[in-house]
Amino acid sequence: MTEWLGMPALAATHGLQIDNLIGWIHIFMLILFVGWGGFFLYAVVRFRQSRNPVADYRGVTSNRSIYSEIGVAVVEAILLVGFAIPIWAARVESIPPESEALAVQLTGEQFAWNVRYAGPDGIFGRTDIKLIDLQSNPLGVDRSDPAAKDDVTTVNQLYLPVNKPIIVTLRSKDVIHSFNVPEFRVKQDAIPGLTIPIWFIPNVTTTEMRARTGNPEFQYEIACAQLCGLGHDRMRGFVTVQSGEEFQKWMDDEQAKLKELGGAGADIFR
Ligand SMILES: [Cu+2]
C-alpha cells in the first residue's frame, strides 16, 4: 500500500511493518493538514473585520474543537503505542540467539566500514589496540589467538546470506557514524565507547534485486547517515546478499586465502 510514497525497494522481512506505519502516518497527517488548513481558511473568512468590527471576548462556546483534539490525540497514541513502540521493541528486545543467526561486527571509522566475521569457529578472536595498523590491520585482530586465526575482515564489503537473521554489532573508532541500508529499513548510530546490536533478515539477494529493479549494476549500499567529517560522503560500504551456498563458498574462499597467507598479514589483502 505504500508504493505511492516512492520508498526504496524493500529487502528485509520486518520492513513491511515500517512501511505500513509510514503510510498510515502520511494518511493521518494529510487528514490533519486538510482539516487544519480548512479551519484556518474558514476562520479567516468567517471572522473577517468587515463582519466583526468589534472583538468578541466570550470566545468559543461549543465543545467541538475539544472533541476533535481528543480524537487527534487518540489516533496519535494508537500509532505510537499500538504500532511504533512494538515494531521498535522487536528490533531492540527480541534479538535472536547467535546460534540461529550470523553475527557480524561492523566498526565505523573516518571514513570506512570495517567488517569482521568470526569464521567457522563462531568465535571472534582477540583484538589488541596496539596491533591496529590503518593499512594492514584496522581492527587490531591478534592473529596469534587461535580463535582469531579464522576471523575474516573486509573493508566496505559486507557479504550476507539471504533469509537468515543477521546481527550487526556496531562500534566506532572515532566519531559517531550511522549504519543505514535503506532497503533493509535499518538505521542505527555507531557510537564511540558503545557496542550496539541491530538485527534484520534480508530476503532479496542482490541478483534478484538487479532483476527486479532492471538495473544490472544495483548494489545495496551502506550510507553513513551521520555527518562524520570532511570525508563523510566517501563513507560508502556495499552489501552483497547471496544465497546460503554462495555465501558459504565466499567464506570458504576467504578461509583458503587466510591459510595461504598464514594468518597474520592477511588483512593487507582485503
Ligand atoms: Cu561516517
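Just above, that's the structure.
Definitions and limits used
Residues numbered from 1 in each chain as written. Predicted model: local features only at pLDDT ≥ 70, side-chain atom pairs only at ≥ 80, totals over all residues. Heavy atoms only, no water. Donors = N, O, S within 2.8 Å, 3.2 Å for Na, K, Ca; no water. Helix = DSSP H or I, 4+ residues; strand = E, 2+ residues; numbered from the N terminus. Buried < 20%, exposed > 50% of the residue type's maximum accessible area, 1.4 Å probe, protein only. Core = buried A, V, L, I, M, F, W, Y, C linked by side-chain atoms within 4.5 Å. Contact = heavy atoms within 4.5 Å. Patch = residues over 30% accessible without salt bridge, like charges linked within 9 Å, V, L, I, M, F, W, Y side chains within 5 Å. Areas by Shrake-Rupley, 256 points an atom, 1.4 Å probe, with all protein chains shown as cover. Salt bridge = Lys/Arg side-chain N within 4 Å of Asp/Glu carboxyl O. Pairing = 2+ DSSP bridges. Axes fitted to C-alpha atoms, helices over the stretch in contact; angles between N-to-C directions.

*Asks:* Give a detailed account of the coordination of the copper ion, specifying residues and quantitative values.
*Replies:* Protein-derived ligands of the copper ion are His177 (ND1), Cys224 (SG), Cys228 (SG) and Met235 (SD), with the metal-ligand distances lying across 2.1 to 2.4 Å. Mapping the donors of the copper ion onto the primary sequence yields the spacing H-x46-C-x3-C-x6-M. Pair noted here: His177 is in strand E6 (residues 177-181) and Cys228 is in the loop between strand E9 (220-223) and strand E10 (236-242), with a separation of 51 residues, a long-range link. Overall, the relative accessible area of 0% leaves His177 in the buried class.

*Asks:* Give a detailed account of the nonpolar core, specifying residues and quantitative values.
*Replies:* Counting residues in each nonpolar core, the largest one holds 38 residues, and the members touching the most others are Tyr117, Leu158, Leu160, Phe179, Phe184, Tyr220 and Val239. The greatest single-element share of this core, amounting to 4 residues, is contributed by helix H4 (residues 244-261). Setting aside chain neighbours within four positions, we find Phe179 in contact with Leu106, Trp113, Leu158, Val168, Leu170, Val186, Lys187, Gln188, Ile198, Phe200 and Ile222. The next biggest cluster of nonpolar side chains, apart from the first, holds 6 residues, and it includes Leu21, Phe28, Val72 and Ile87.

*Asks:* Please provide a residue-by-residue account of a nonpolar patch on the surface, values included.
*Replies:* A surface patch of nonpolar side chains, amounting to about 600 Å² of accessible area, comprises Ile66, Tyr67, Ile70, Val74, Ile78 and Phe83. On the secondary structure map, Ile78 appears in helix H2 (residues 64-92).

*Asks:* Please provide a residue-by-residue account of the sheet that holds strand E3 (residues 152-155), values included.
*Replies:* Taken in spatial order, the 5 strands of this open sheet run E3-E2-E1-E5-E8, and their pairing is mixed. Each edge of the sheet is formed by a strand with only one pairing partner; in this case those strands are E3 and strand E8 (196-200). Pairwise comparison of adjacent strand axes, ignoring direction, gives a mean angle of 25 degrees for this sheet. In terms of strand pairing, strand E2 (residues 112-117) meets E3 through 4 bridges, oriented antiparallel. Bridge assignment links Tyr117 to a residue of E3, and that residue is Val152. Strands in contact with H4 are strand E1 (102-109), E2 and E3; relative to E3, the strand with the most contacts, it is inclined by about 100 degrees.

*Asks:* I'd like a description of the sheet that holds E9, backed by residues and values.
*Replies:* As summarised here, the arrangement of the 3 strands in space is E4-E10-E9, forming an open sheet in which the pairing is mixed. Whereas interior strands pair on both sides, the edge strands pair on one side only; in this sheet they are strand E4 (157-161) and E9. Averaged over all neighbouring strand pairs, the angle between strand axes comes to 30 degrees, with direction disregarded. H4 contacts E4 and E10 of the sheet and is inclined by roughly 135 degrees relative to E4.

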